[in-house]
Amino acid sequence: MSAPDLAGCPPGQYPEYAFVGRSNVGKSSLINMLTGHKDLARTSSDPGKTRLINFFLVDKEWYLVDLPGFGYARIAKTKRKAWDFMIREYLESRKSLFYIFLLIDSRHDPQTLDLNFIQWMGDKALPFCLVFTKTDKLTKVRLRMVIEKFRESLNNKWEELPPIFTSSSKTGSGKTEILDFISRTNSEYGYLLTEAQDPVT
Ligand code: GTP
Ligand code: MG
């Protein structure tokens, strides 16, 4: 199902994993790759394809959540602001959100927009991971250099780095690692939601 804002989201009865990042970074493609459904989340080479908060229930146990991209320059400023608000409101206030996956295009050096977003998540104490996407587009050596550069720019500010994944929706690389992480998190923390719903406890 899709929601236009936090108030329109389904009841928070399952653990949620939200995919965020700049427009066109590959959020919807990664969701399709992880679920093995080519056309589940709508993708496009035109940035700004995803416009709502989209929930995909997996194994009737947890949600993958696809969000619009942030910082897309070619839409009206008012709309960009409205999307930004919607994304941040959801991420900040959704109680059943277990982890945020911030996707970063592995072809580029650290971008201010991404670093600012990381800072914001840190300030809000939101649990997040990083996923370097489109790794099929560069060599292993180059990928290692990009991640190292990113680590360095985070090391200046953070004592502990978040979990880091790499992915390619073209080759399927990263699928096992990301799904294992989600599965482990569900087993470790899933009880928190069950307890919250139990009126006796
Ligand atoms: P918005 O919804 O507009 O914010 O974009 P998005 O982040 O959901 O990106 P989307 O999945 O729609 O992908 C954008 C473009 O990048 C599409 O043309 C995809 O085919 C391409 N793409 C996505 N992931 C990969 C990848 O791993 N490798 C390559 N080579 N291309 C990719
Ligand atoms: Mg999308």
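If you're wondering where the values come from, they're calculated on a predicted model, not measured in any experiment. (Residues numbered from 1 in each chain as written. Chains lettered and ligands numbered in written order. Predicted model: local features only at pLDDT ≥ 70, side-chain atom pairs only at ≥ 80, totals over all residues. Heavy atoms only, no water.)

**With respect to the side chain of Arg-94**
Here is the rule we go by: Working definition: helices are DSSP H or I runs of at least four residues, strands are E runs of at least two. Numbering for both runs from the N terminus. Residue exposure (1.4 Å probe, protein chains only): buried if accessible area is under 20% of the type maximum, exposed if over 50%, otherwise partly exposed. Pairing of N or O atoms within 3.5 Å defines a polar contact, subject to two protein rules: one partner must be a possible hydrogen donor and the other a possible acceptor, and residues neighboring in sequence count only if both atoms are side-chain atoms. Working rule for contacts: check all heavy atoms of both residues, and any pair within 4.5 Å makes them a contact.
If you trace the backbone, Arg-94 turns up in the loop between helix H2 (77-93) and strand S5 (97-105). Accessibility expressed as a relative area gives 12% for Arg-94, which makes it buried. Only 2.7 Å separates the side chain of Arg-94 from the backbone oxygen of Pro-10, close enough to count as a polar contact. Ignoring any residue separated from it by four or fewer positions in sequence, one finds Arg-94 in contact with Leu-6, Cys-9, Pro-10, Pro-11, Gly-12, Glu-16, Phe-55 and Glu-89.

**Details of the environment of Gly-174**
Tracing the backbone through its elements, the reader meets Gly-174 in the loop between strand S7 (164-166) and helix H5 (175-197). According to the relative accessible area criterion, Gly-174 is buried, its value standing at 11%. C-alpha of Gly-174 to C-alpha of Arg-184: the two residues are 10 residues apart in sequence and 16 Å apart in space. Gly-174 has contacts with Thr-166 and Ser-167, leaving out every residue within four places of it along the chain.

**Here we look at the nonpolar core**
Taken as a class, soluble globular proteins show a tendency for nonpolar side chains to be buried jointly. Put simply, the rule reads: For our purposes a nonpolar core is just a set of buried Ala, Val, Leu, Ile, Met, Phe, Trp, Tyr and Cys residues, chained together by side-chain atoms within 4.5 Å.
Formed by 33 residues in total, the largest nonpolar core has its most connected members in Ile-53, Leu-67, Tyr-90, Leu-91, Leu-102, Met-121 and Leu-130. Elements supplying a minimum of two residues to this core: strand S2 (16-21), strand S3 (53-58), strand S4 (62-66), H2, S5, helix H3 (112-123), strand S6 (128-133) and helix H4 (140-155). Of the residues forming this core, the biggest block, 5 residues, is contributed by H4. Counting 23 residues, the second-largest nonpolar core is a separate cluster that includes Met-33, Ala-41, Tyr-99 and Cys-129.

**Considerations on the site of ligand 1**
Note the following rule: Here a residue is near a molecule or strand as soon as one of its heavy atoms is found within 4 Å of it. A 1.4 Å probe and the Shrake-Rupley method give the accessible areas. Residues count as covered only by the protein chains that appear here. Cavities and pockets are defined on a 1 Å grid built over the protein atoms alone: a cavity is a set of grid points where a 1.4 Å probe fits but cannot escape, while a pocket is an open set with protein on both sides within 12 Å along at least five of seven lines, and lining residues are those with an atom within 4 Å of any such point. By definition, a pocket or cavity contains a molecule when more than half of the molecule's atoms lie within 2 Å of the pocket's grid points. Basically, the charged four are Asp, Glu, Lys and Arg, the nonpolar ten are Ala, Val, Leu, Ile, Met, Phe, Trp, Tyr, Cys and Pro, and anything else, Gly included, counts as polar.
Taken together, 21 residues form the shell around ligand 1, and within it Ser-29, Gly-48, Thr-50, Asp-136 and Ser-169 come nearest. Asn-24 is positioned such that a nitrogen or oxygen atom in its backbone is 3.1 Å from an oxygen atom of ligand 1. In the environment of ligand 1, a nitrogen atom lies 2.7 Å from a nitrogen or oxygen atom belonging to the side chain of Asp-136. When ligand 1 sits alone it has 650 Å² of accessible area, and the protein chains cover 90% of it. According to the grid-proximity analysis, the pocket containing ligand 1 is the largest pocket. Tallied by class, the residues present in the shell around ligand 1 amount to 2 nonpolar, 13 polar and 6 charged.

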